[in-house]
Amino acid sequence: MKVWDLHCDTLYQLRKAENEGTPYLFEKNDRHISLEGLKKGDYLLQCFACFVDKKEDEGNLLAACMEEADVFYQLLEAHPEELMQIRTPEDIRRLETSGRIGAMLTVEEGGVCLDQAGILRDLYRLGVRMMTLTWNYENGLASPNLVPENDDEPCYPAEGKGLKEKGLEFLAEMERLHMIADVSHLSDGGIRDMLKFAERPFAASHSNARSVCGHVRNLTDEFLRGMGEKGCIAGLNYCPMFVDPDYGKKKTSDLRSTVHGLALHARHMMNVGGEDLVALGSDFDGIDGDLEIPDASQMERMAVGFLDEGFTSREVEKIFWKNAKRFFEENL
Ligand SMILES: [Zn+2]
């Protein structure tokens, strides 16, 4: 089964390892994503996020993002026969017959733009095609849905914290550019504003259903319904804390990410938001814990597991790659 994945933090891990003097190989490694694993997992496309953490890169958010974009370009340059950068609908149409794996550059943390629309446009020119408005810190655009200082505690939604004026300005500019606005990590108030003000479909690249697992990083039924009506997309996140229905009841370290759990989310999200809404957004290389699907190479096991859970092969195809492919073909 082909795979189109909306989010991973591999560029961040490669940058961090390099900066710490312990570089590892993208080609083959024992982490979540390697070139070997993507091939074995039959990937059609992986979105690679430039992820920055304000705590680690205070005052240097943009520089950290640019370093990760450089890692992305180094991977492309090292593997021209195997990877293909995707920037346009035309690129997507060429991808399937190219025999290569698509690679799309994205950003996780709108704060890297330093609230300057010119920097947003430069990122677009660099190939960035999707960007989360926030990560887990408030920035000039909006607020997140959890407080990172309490990462191990049940988190609470920042009710009422909608998009800031600059956030609305950025949304309009992203829509003009055809850079996808990504609401994963965004506050409930912010997502409500997105449903109200967005004129084009947007994404939640790595978020599940809050009715199935009550973590505030997941989407409420109100949001799933609204996003489905707007032609949006939401990628299943494999993080145990966002998958396990026992979140809040068990210790964080006892939570599990199982194929069954992911299937519960997918089914609920389709029931509420429609069958075109659901895609994959593993969050590989950004998560840890007990993962039944331990890395990219094992994705076929997840496809087989979804069939065992009662999904039709047509539904599995839609979730694994067809919904995402159509979404980007229509919206880039
Ligand atoms: Zn994330």
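Residues numbered from 1 in each chain as written. Predicted model: local features only at pLDDT ≥ 70, side-chain atom pairs only at ≥ 80, totals over all residues.

S.K.: Help me understand the overall build of the protein chain, please; the structure alone is not making it clear to me.
M.R.: Helix and strand counts for the protein chain come out as 12 helices and 11 strands. Reported as C-alpha extents along the three principal axes, the dimensions of the protein chain are approximately 45 × 45 × 40 Å. For the protein chain, the residues scored as buried account for 52% of the 332 residues in total. Looking at the protein chain alone, contacts between residues at least 24 apart form 71% of all its contacts between residues at least 6 apart. (Helix = DSSP H or I, 4+ residues; strand = E, 2+ residues; numbered from the N terminus. Buried ≥ 20, exposed ≤ 12 C-beta atoms within 10 Å, placed from the backbone. Contact = placed C-beta atoms within 7 Å.)

S.K.: What is the right way to look at helix α8 (residues 221-229) in this model?
M.R.: Working note: α-helix, 3.6 residues per turn, so residues spaced by three or four point in the same direction. Phe223, Leu224, Gly226, Met227 and Gly228 are the residues of α8 that are buried. Those residues of α8 hidden inside the fold are in contact with α7 (188-197), β7 (203-204), β8 (233-236) and α10 (259-273).

S.K.: How do you make sense of the environment of glycine 286 when you look at a structure like this?
M.R.: Looking at the element boundaries, glycine 286 is found in the loop between β10 (278-280) and β11 (290-291). Sequence separation between glycine 286 and isoleucine 233 is 53 residues, and the spatial gap between their C-alpha atoms is 20 Å. Apart from residues no more than four positions distant in its own chain, glycine 286 is found in contact with Cys8, Asp9 and Phe51.

S.K.: What should I look at first to understand the nonpolar core in this one?
M.R.: Counting 105 residues, the largest nonpolar core has Phe48, Ala181, Ala234, Met269, Leu277, Val278 and Ala279 as its most contacted members. Residue contacts for alanine 279: discarding those within four places in its chain leaves Trp4, Leu6, Ile233, Ala234, Gly235, Ile319, Asn323 and Ala324. (Core = buried A, V, L, I, M, F, W, Y, C linked by C-beta atoms within 7 Å.)

S.K.: Would you take a moment to explain the environment of leucine 236 for this structure?
M.R.: With respect to the element layout, leucine 236 can be found in strand β8. Sequence separation between leucine 236 and leucine 123 is 113 residues, and the spatial gap between their C-alpha atoms is 26 Å. Residues contacting leucine 236, with those up to four places away along its chain left out, are Asn208, Leu262, His265, Ala266, Val278, Leu280 and Gly281.

S.K.: Can you walk me through the environment of glutamate 109 in this structure?
M.R.: Within the fold, glutamate 109 resides in the loop between β4 (101-108) and α5 (117-126). The sequence separation of glutamate 109 and threonine 134 amounts to 25 residues, and the corresponding C-alpha distance is 4.6 Å.

S.K.: Can you help me understand the packing of helix α1 (residues 10-19) against helix α3 (residues 61-78) in this one?
M.R.: In helix packing, the relevant descriptors are the interaxial angle and the interaxial distance, both defined with respect to the helix axes. Their axes nearest at 9 Å, the elements α1 and α3 cross at an angle of 100 degrees. Here α1 is positioned roughly perpendicular relative to α3, judged by the angle of their axes. Between α1 and α3, the contacting residues are Leu11, Tyr12, Leu14 and Arg15 on the first element and Glu67, Glu68, Val71 and Phe72 on the second. Residue classes in the contact of α1 with α3 are distributed as five nonpolar, no polar and three charged. (Axes fitted to C-alpha atoms, helices over the stretch in contact; angles between N-to-C directions. Parallel < 35°, antiparallel > 145°, perpendicular 65-115°, else oblique. Nonpolar A, V, L, I, M, F, W, Y, C, P; charged D, E, K, R; others polar.)

S.K.: When you look at the pairing of strand β5 (residues 128-132) in this model, what are you seeing that I'm missing?
M.R.: Consecutive residues of a regular strand have side chains that alternate between opposite faces of the sheet. Of all five residues making up β5, five are buried, and the element is well covered by its neighbours. Relative to β5, β4 runs parallel, the two sharing four bridges. Opposite valine 107, over in β5, you have methionine 131 as the bridge partner. Examined bridge by bridge, β5 and strand β6 (residues 180-182) share three bridges and lie parallel to one another. Residue pairing in the sheet places methionine 130 in a bridge with isoleucine 180 of β6. (Pairing = 2+ DSSP bridges.)

S.K.: Before we go on, may I ask you to explain the packing of helix α11 (residues 299-308) against helix α12 (residues 313-331) in this structure?
M.R.: Packing of α11 against α12 brings their axes to within 9 Å, and their N-to-C directions diverge by 140 degrees. The angle between α11 and α12 falls in the class oblique. By crossing handedness, the relation of α11 to α12 is classed as right-handed. Residue-level contacts link Ala303, Phe306 and Leu307 of α11 to Ser313, Val316 and Phe320 of α12. In terms of residue class, the contact of α11 with α12 is built from five nonpolar, one polar and no charged. (Left-handed = near helix turned anticlockwise from the far one by under 90°.)

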